[in-house]
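Overview (structure and organization)
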Amino acid sequence: MDNQEKISNITKQSERTKKDSKKIIVPIVVILIFLVALFAIYNFVFCNSKSIFLRAINSEYQKLDNKLNKITNSDLNTMAKNKAIKANYTFDIDINADDIVAGTNYEGLIDEINKLNFEMNTGVDNKNKKFSYNIKANYEQDNLINAFAYGQKEKIYIELKDLFDKYIEVPVKEYDTIFESSENLEDSKYIVKTVKDSFLNNLNEKEFIKTSTKTDINGKNKAVKKITYSLNEKKSLILIKNILTELKENDKFIEKYANISNASKGKVKKDINQAIKKIKSDIKTATDNEKTIEMSVYTEGLLNKVVKYEIRLLEDEEKTALTYSDYKDIITIKAYNDDNVFTSKTVKTSKNTYKTKINMDDFKIVVNSKITKERNSHKFTMTQKDNSDIEVTGEFVTTSKEIEKKKKYNGNLKFNLSIKLDDKKISIDMNGKSVYKVVNNIKIPNDVDNSISYNKLSDNDYTTIMTNLNKNQKLVEFISNISKYMDTSDYYTDSID
């Protein structure tokens, strides 16, 4: 091999080495850039105090918003926006207090109440802004009262069945607002979210304080990082001024607020400007020393997972605090000053099953709940801490079932309450049933035009109503019995003796 060939081989080898070096260097550079970016993101998102604080508050807000959406966006509520809904409700009550009222007029009074049951039939058409309501009160299955109410075209018509032969007309200026509940709810949710976002964004990043400490989480003293934002009188006023100034420029916020407050957009802006002007005046005389409010989040781990929230109100020497923790399937809420005033702890014991213990100054409450798609039950016991002779127990059960897909739903409600006092006992049982149907429209009687304005009812009209009331023998009997048993002097006499 001559010298020329050797030089050529050396050159080629050098070029291959350079290319191989580039192949190694480029990935290394990319990895380094990625690590630097990752480090920057970690410091800004996961370690930056304001970012952690905002992320924590927004996370809990989103959980609450999701639960609200789940309720308001149920099949029935969604269909109610564009379809008419008819419903039937029945309700009765049974009270047993023989241990306490036996032999007194109260016993007879309770017996009369137990003979009552109620029924209500409703129809609501949000799209066409019409409704009908029928309320019945029965006494031993005989009718006591049967009243109807119909709504259309900014008027409500009341029908007193068998009592008066005309509809009683009541004009309603803000009639349309009856049907704006779902729209108002969406407007209200937007307003709350916008105010929340403005509040968080206007917190001064430099005023967050991060410390290492220990705090009680589910009964254990846990090492955590604490991020706190404090406000005094002057800082609070400046914060509110900044929020109002920002909201004033938000046209969508102004429009939504005007919708739910039944005011013009001009009036809303004027009120905000007046509030800003007043706050600016107050800022001049406000103090900038003692803290009045402390808001804190407690986090653990490399990713700063939030384990507890706290808000403290500081006034003079009094310190009132509220804490909330949702950690490892245990939700704890505490309110306290020098002593624990209120504590609630909810533990998920198994799938769909929860146990809640509530402690207050004098009472302890235990609630065992089972929550499924079709049935919710809550059994509860309340006892007085220093008195074992008082005990309250009961159960609240609701069921809901789809009978025809997106057309018919059945529901039941049961509530029982037992109060034990020494060796005496009172029990109350309530039962309710409901049936919901999706229909195309709500029927309003054709003859509602045969009406009289409520302010034009004459003395003769009132006399007619009262005369017909007196013809209802069951109603007369019920009123007579109630009046008789309302004389409870014998009970008081017996008690005194």
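Check the entry above for the structure.
As a starting point, this report considers the structure included with it. Every chain is numbered on its own, with residues counted from 1 as its sequence reads. Residues qualify for local features only when their pLDDT is at least 70, as the model is predicted, and side-chain atom pairs are given and counted only at 80 or more; totals for whole chains, interfaces and linings, by contrast, use all residues. Excluding hydrogens and water, the side-chain values take into account all heavy atoms of the structure.

Here a strand is any run of E in DSSP of at least two residues, a helix any run of H or I of at least four, and the numbering for each starts at the N terminus. The helix and strand tally for the protein stands at twelve helices and 20 strands. For the protein, buried positions account for 31% of its 497 residues. We call two residues in contact when some of their heavy atoms are within 4.5 Å. The long-range share in the protein, meaning contacts at least 24 apart out of those at least 6 apart in sequence, stands at 50%. Values of accessible area rely on a 1.4 Å probe in the Shrake-Rupley scheme; residue burial ignores everything except the protein chains shown. For the protein, the computed accessible surface area is about 32000 Å², with 53% contributed by carbon and sulfur atoms. The buried label applies to any residue whose accessible area, calculated with a 1.4 Å probe on protein chains only, is under 20% of its type's maximum; exposed applies above 50%, and partly exposed to all values in between.

Moving on: the packing of helix H10 (residues 459–471) against helix H11 (residues 473–485). For helices, the axis comes from a line fit to the C-alpha atoms of the stretch in contact; other axes are also lines fit to C-alpha atoms, and the angle between any two N-to-C directions lies between 0 and 180 degrees. Interaxial distance between H10 and H11 falls to 5 Å at its minimum, and their mutual angle equals 85°. In terms of orientation, H10 and H11 fall into the roughly perpendicular class. Here H10 contributes Leu469, Asn470 and Lys471 to the contact with H11, which in turn contributes Gln473, Leu475 and Val476. Residue composition of the contact of H10 with H11, grouped by class: three nonpolar, two polar and one charged. Roughly parallel means an angle under 35 degrees; roughly antiparallel, over 145; roughly perpendicular, 65 to 115; everything else is oblique. By the convention adopted, Pro, Cys, Tyr, Trp, Phe, Met, Ile, Leu, Val and Ala count as nonpolar, Lys, Arg, Asp and Glu as charged, and the other residues, Gly among them, as polar.

This paragraph deals with helix H7 (residues 233–248). Between its first and last C-alpha atoms H7 spans 23 Å; for 16 residues at 1.5 Å apiece the expected length is 22 Å, and the two agree. Every buried residue of H7 is accounted for by Ser236, Leu237, Leu239, Lys241, Ile243, Leu244, Leu247 and Lys248. Among the residues of H7, the N-terminal cap falls to asparagine 232, whose side-chain oxygen and the backbone nitrogen of lysine 234 are separated by 3.2 Å. By definition here, a helix of n residues has an expected span of 1.5 Å times n minus one. Two N or O atoms form a polar contact when they lie within 3.5 Å of each other; inside protein one atom must be a possible hydrogen donor and the other a possible acceptor, and for residues adjacent in sequence the pair counts only when both atoms belong to side chains.

Backbone geometry at asparagine 218 places phi at a positive 55°, although glycine is not the residue there. Mapped onto the fold, asparagine 218 is located in the loop between strand E7 (208–217) and strand E8 (220–232). On the basis of relative accessible area, asparagine 218 is assigned to the partly exposed category, the value being 22%. Its identity is not glycine, yet lysine 328 carries a phi of approximately 55°, on the positive side.

What follows covers the packing of H7 against helix H9 (residues 265–285). The N-to-C vectors of H7 and H9 enclose an angle of 155°; their axes lie 10 Å apart at closest approach. Classified by the interaxial angle, the pair formed by H7 and H9 is roughly antiparallel. Viewed along their axes, H7 and H9 form a crossing whose handedness is left-handed. Where H7 approaches H9, its residues Lys234, Leu237, Ile238, Ile240, Lys241, Leu244, Thr245 and Lys248 are matched on the opposing element by Lys269, Ile272, Asn273, Ala275, Ile276, Ile279, Lys280, Asp282 and Ile283. The residue makeup of the contact of H7 with H9, split by class, is nine nonpolar, two polar and six charged. Two helices crossing with the near one rotated counterclockwise from the far one by less than a right angle form a left-handed crossing, whereas a clockwise rotation gives a right-handed crossing.

Attention now goes to a nonpolar patch on the surface. To count toward a patch, a residue needs a relative accessible area over 30% and no salt bridge; like charges are then connected within 9 Å, while nonpolar side chains (Val, Leu, Ile, Met, Phe, Trp, Tyr) are connected within 5 Å. Salt bridge, as used here: a side-chain nitrogen of Lys or Arg that lies within 4 Å of a carboxyl oxygen of Asp or Glu. A cluster of nonpolar side chains, Ile311, Leu313, Leu322 and Ile333, forms an exposed patch at the surface whose accessible area comes to about 300 Å². If you trace the backbone, isoleucine 333 turns up in strand E12 (residues 330–336). By relative accessible area, which is 30% here, isoleucine 333 ends up partly exposed.

Attention now moves to the packing of aromatic side chains. Aromatic pairing here means that ring centres of Phe, Tyr or Trp (its six-membered ring) are within 6.5 Å. Orientation follows from the plane angle: under 30 degrees is stacked, over 60 is edge-to-face, and everything else is tilted. The tally for this structure, following the rule as stated, stands at eleven aromatic pairs. The interplanar angle of 90° and the centroid separation of 5.7 Å between the aromatic rings of tyrosine 89 and tyrosine 436 together place this pair among those described as edge-to-face. Of this pair, tyrosine 89 sits in strand E1 (residues 84–96) while tyrosine 436 sits in strand E19 (residues 424–439); the two residues are 347 residues apart in sequence, bridging distant segments of the chain. Taking the relative accessible area as the measure of exposure, tyrosine 89 reaches 27% and is therefore partly exposed. With relative accessibility at 23%, the residue tyrosine 436 sits in the partly exposed group. Ring geometry for tyrosine 150 versus tyrosine 167: centroids 6.2 Å apart, planes at 70°, classification edge-to-face. Of this pair, tyrosine 150 sits in strand E4 (residues 142–152) while tyrosine 167 sits in strand E6 (residues 167–171); the two residues are 17 residues apart in sequence, bridging distant segments of the chain. The exposure classification of tyrosine 150 matches that of tyrosine 167, with both residues buried.

When you line up the elements, asparagine 143 lands in strand E4. Taking the C-alpha atoms as reference points, asparagine 143 and leucine 475, separated by 332 residues in sequence, lie 7.9 Å from one another. At 3.2 Å, the side chain of asparagine 143 forms a polar contact with the backbone oxygen of isoleucine 145.

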